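Structural overview
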Amino acid sequence: MSKKVITATGRRKRSIAQVRMVSGTGKITVNGLDVNEYMPFATLVMDLKQPLTVTNNENTFDIDVNVKGGGFSGQTGAIRLAITKGLLEYDAETDQTREDSYRKILKAAGFITRDSRIKERKKPGLKKARRAPQFSKR
C-alpha cells in the first residue's frame, strides 16, 4: 500500500470527528493523545475500533483524529463513522459486488448508517422538551 492519506468526517449528536488515515502499525491518536488516554472507558475504545476489527485492519492504519463537541459517547460514534467512511474510500477501487468488499461487510454490521438522533429542543411553557410542570389540583 502506498502512503496515501485518507481523510473522512463523521458526526454523531453534537460531535464532529475529522480522521486522517495513513498506512502504519495501528496507532490511534485522538486530539494529540493516545486513544486509551483520551477515552475514559475501554468499551468506548472497543466501540470506535469496531470497523477496523470487522474488516481485519487493526494493524494496517495509523489514525489521527481531531474531534470536538458533545460527550465521550457522541465523540466515539462520530469517530467510528469517520473511520468507516475512510475504509470505504480506501476500498473504493475494488468491485463492490464481491462478498469480501468493505462496503458489504460494514453495511451488514450497521456501521455505514449515520445515527441522526439529536437532542430535541425545549418548548415554551415546559421544563424540558416534553417534561411539563407538575400539575396541582389545588
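It should be noted that the structure appears before, not after, this text.
Residues numbered from 1 in each chain as written. Predicted model: local features only at pLDDT ≥ 70, side-chain atom pairs only at ≥ 80, totals over all residues. Heavy atoms only, no water.

**Digging into a positive patch on the surface**
This is how it is decided: Only residues whose relative accessible area exceeds 30% and that take part in no salt bridge are eligible for patches, with like-charged residues grouped when within 9 Å of each other and nonpolar side chains (Val, Leu, Ile, Met, Phe, Trp, Tyr) grouped when within 5 Å. In short, Shrake-Rupley with a 1.4 Å probe defines the accessible areas, and a residue's cover is counted only from the protein chains shown. When a carboxyl oxygen of Asp or Glu lies within 4 Å of a side-chain nitrogen of Lys or Arg, that pair is called a salt bridge. Positive charges are assigned to Lys and Arg, negative charges to Asp and Glu, while His and the chain termini are left out of the count. To locate a charge, take atom NZ for lysine, CZ for arginine, CG for aspartate or CD for glutamate. Here a strand is any run of E in DSSP of at least two residues, a helix any run of H or I of at least four, and the numbering for each starts at the N terminus.
A surface patch of positive charge is lined by Arg14, Lys119, Lys127, Lys128 and Arg131. Residue placement: Lys127 occurs in the segment after helix H5 (102-109).

**Thoughts on the packing of aromatic side chains**
Operational definition: Here is the rule: rings of Phe, Tyr and Trp (six-membered ring for Trp) pair when centre to centre is within 6.5 Å. Planes less than 30 degrees apart are stacked, more than 60 are edge-to-face, and the remainder are tilted. Exposure classes here rest on a 1.4 Å probe applied to the protein chains alone. A residue is buried below 20% of its type maximum, exposed above 50%, and partly exposed in between.
All told, the structure shown has three aromatic pairs when counted by the stated rule. With a centroid separation of 6.3 Å and an interplanar angle of 25°, the aromatic rings of Tyr90 and Tyr102 are classed as stacked. Here Tyr102 lies in helix H5 and Tyr90 lies in helix H4 (residues 72-90), a separation of twelve residues in the sequence. Tyr102 gets classed as buried once you look at its relative accessible area, which sits at 12%. Counting every residue linked through ring pairs, the aromatic cluster contains Phe61, Tyr90 and Tyr102.

**Some points on the pairing of strand E5 (residues 61-68)**
Note the cut-off: In this description, strands pair whenever DSSP reports at least two bridges between them.
What you see with E5 is a clean split: Phe61, Ile63, Val65 and Val67 sit on the buried side and Asp62, Asp64, Asn66 and Lys68 on the side with no burial. Bridging between strand E2 (residues 15-23) and E5 involves eight bridges; their strand directions are antiparallel. Bridge pairing in E5 places Arg20 opposite Asp64. In the sheet, strand E3 (residues 28-30) pairs with E5 via three bridges, with the strands oriented parallel. Note on E5: the bridge partner recorded for Thr29 is Asp64.

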